[in-house]
Each structure stands twice: as C-alpha cells, then as structure tokens.
Amino acid sequence: MKVLVFAPHNDDEVLGVGGSIKRHTNMGDEVFVCEVTSGTKYKEMQAEAKKAHAVLGVKESFFLNLPVTRLKEIAAGEINGALLAVIKKFQPEIVYIPFIGDMHIDHRVVTESVMVAVRPIDGCPVKEIYMYETLSETGWDIPVSGRVFAPDVWVDISETIQDKLRAMECYRSQLKQYPHPRSIESIEALAKFRGATVGVDYAESFMLVRKIIC
C-alpha cells in the first residue's frame, strides 16, 4: 500500500499523522510526505523534517518549497498542477490532508488543491482520503459550521505514540513549552483524549472524505 501525506508546513505531518505514519510503515506500507511550503529557515527545518521522517520510517520526503503564508497569492492552477504532479509521481492509494476548517489559510489552500488533484477520473489511484487535525490550527478557528473538526475515524496509535513524540522532538525549532499546543505534553494529551473516546490508550482521529471500496 502506498500512502501520501500532504503537509502545508514542516511538522504538520507529525502533529496530525505521526502515529499513523509509523503504524503504516510498521505494516510494510510505503509512506511518502510532501511538504508544500518553505520559509526563510528552510534548510534547518527540512533537515529536522528528514530526521523526524526517519524516525517514522517515511520512504521519501518531498519538498515543493512554495512560499509560506503566501499560497493564496499563487494562481490556483499552478498549485493544483504541482500537487497533481506529486500524486502522479507517488501513485498513492491513501492520502492524508489538513482539515478544511483550519485557521491557517495555507492549510485550506492545500486541501482544496489536493481535492482537485485527486478527482476520481483519468485513472487516479487514490481510494481513501482523510483530513487530519493540527494542534494550534484546527482548534483555534471560529467554532461555526464547517470549521469544527468532527472526527469519524480513529486510529489506535498506542504502540506508536512514543515514535510520534520522538519524531516531533526532531523539530527543535518548532517545539514550545507547555501549555502551548505545540508542546510534547499537549501532543500526548490530545492523543490520550482521542484514545479515551474510543477505549484505547492513544489515538489519532480523522474525518473521512472519500473511501472507494472495489
């Protein structure tokens, strides 16, 4: 099975999907990560990303290097084409994308563009699409209809939570002190809370966008 995770920014993939990524790789799936934007410290952050991905067993890390916080200034066709090229390159069957209601505009742009790229036409290989939550982006937006994360899929990451935390520790430039949501304590607390809602020790939760059963 081939899995592709789209991360608008370095570390989004670990925050939202880190435990599930390790679970996939433990099962023998090939996981690829596409990080869409880069900022002024891109060399440092991409080095951190590669270390984090090594912890999780990611097969390949791909960096588009589009300008951070400025995706909305780029023509939609250009972004759509770039993400479609990534889909064609890796041929994933499962795709993870940010929650469409996230506060950061880059997250919404990436999700909308991926949905264009994964339209079920022209032999698109994608069979499953899931939206993930990102601490400090998913929970800080206005809680109105369409912007509230309402999970309907849970993945038990009890055996991989420590790998997720170790991967996040690789992002030294991004980690904050508790009670900031991007702290190790907050990341573990969310996983514990999501797990408690379905009777397991730790979980990551998602919103199912599409699942094609053949």
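Not measured: the values here are computed from a predicted model.

Colleague: I'd love a proper account of the overall build of the protein chain, names of residues and values included.
Modeller: Per the secondary structure count, the protein chain includes six helices and seven strands. Overall, the protein chain shows an N-to-C arrangement of helices and strands of β-α-β-α-β-α-β-α-β-β-α-α-β. Taken against the 2.2 N^0.38 rule, which gives 17 Å for 214 residues, the C-alpha radius of gyration of the protein chain at 16 Å falls within 12% of a compact globule. Its C-alpha atoms give the protein chain principal-axis dimensions of roughly 45 × 40 × 40 Å. Looking at the 214 residues of the protein chain, the share that counts as buried comes to 52%. Pairs at least 24 apart in sequence give 80% of the contacts found in the protein chain among residues at least 6 apart.

Colleague: Explain the environment of V58 residue by residue, including any values.
Modeller: One can find V58 in the loop between α2 (42-56) and β3 (60-67). Exposure remark for V58: the relative accessible area of 14% places this residue in the buried category. Sequence separation between V58 and T25 is 33 residues; the distance between their C-alpha atoms is 7.2 Å.

Colleague: Describe the layout of surface pockets, naming the residues involved and giving the relevant values.
Modeller: Within this model, the largest pocket holds a volume of roughly 300 Å³. Lining the largest pocket are 20 residues, and of these H9, N10, M45, V68 and Q174 sit closest to its centre. Classifying every residue of the lining of the largest pocket by side-chain character gives three nonpolar, 11 polar and six charged. Together, 14 residues line the second largest pocket, and L84, K88, A117, I121 and D122 are the ones closest to its centre. Listed by contribution, the elements that provide at least two residues to the lining of the second largest pocket are α3 (76-90) and α4 (105-117). Sorting elements by how many residues they give to the lining of the second largest pocket places α3 first, with five residues.

Colleague: So what's going on with the packing of aromatic side chains? Residues and values would help.
Modeller: Evaluated as defined, the whole model comprises six aromatic pairs. The interplanar angle of 80° and the centroid separation of 6.0 Å between the aromatic rings of F62 and F90 together place this pair among those described as edge-to-face. You can see F62 sitting in strand β3 and its partner F90 sitting in helix α3, a full 28 residues away along the chain. Ring geometry for Y130 and F206: centres 6.3 Å apart, planes at 65°, overall edge-to-face. Taken together, the residues Y130 in strand β5 (residues 128-132) and F206 in strand β7 (residues 203-211) connect sequence positions 76 residues apart. With respect to burial, Y130 and F206 carry one shared label: buried.

Colleague: Just give me the short version of empty space enclosed by the protein, but keep the residues and values in it.
Modeller: Inspection of the entire model under this criterion finds one cavity of 30 Å³ or more. Looking at the largest cavity, its volume works out to about 90 Å³. In this structure, the largest cavity is lined by L15, G16, E133, K164, I187, L190, A191, R194, A203, E204 and S205. Of all the secondary structure elements, the ones that give two or more residues to the lining of the largest cavity are α1 (12-26), α6 (184-196) and β7. No other element matches the four residues that α6 contributes to the lining of the largest cavity.

Colleague: Tell me about the sheet that holds strand β4 (residues 94-98), and please be specific about residues and values.
Modeller: With mixed pairing, seven strands are arranged side by side in an open sheet as β3-β2-β1-β4-β5-β7-β6. The sheet terminates laterally at β3 and β6 (153-156), the two strands that pair on one side only. Averaged over neighbouring strand pairs, the angle between their axes works out to 25° when direction is ignored. In this structure, β6 lies alongside β7, joined through four bridges in antiparallel fashion. Across the sheet, the residue bridging to W154 is S205, located in β7. Of the strands in this sheet, β2 (30-38) and β3 are in contact with α2, which crosses β3 at around 155°.

Thresholds applied
- Residues numbered from 1 in each chain as written.
- Predicted model: local features only at pLDDT ≥ 70, side-chain atom pairs only at ≥ 80, totals over all residues.
- Heavy atoms only, no water.
- Helix = DSSP H or I, 4+ residues; strand = E, 2+ residues; numbered from the N terminus.
- Rg over C-alpha atoms; globule rule 2.2 N^0.38 Å.
- Buried < 20%, exposed > 50% of the residue type's maximum accessible area, 1.4 Å probe, protein only.
- Contact = heavy atoms within 4.5 Å.
- 1 Å grid on protein atoms, 1.4 Å probe; cavity = no way out; pocket = protein on both sides within 12 Å on 5 of 7 lines; lining within 4 Å.
- Points joined across faces, edges and corners; volume = space filled by probe spheres on them.
- Nonpolar A, V, L, I, M, F, W, Y, C, P; charged D, E, K, R; others polar.
- Phe/Tyr/Trp six-rings, centres within 6.5 Å; stacked < 30°, edge-to-face > 60°.
- Pairing = 2+ DSSP bridges.
- Axes fitted to C-alpha atoms, helices over the stretch in contact; angles between N-to-C directions.

Interpretation in functional terms is not warranted from these geometric data alone.
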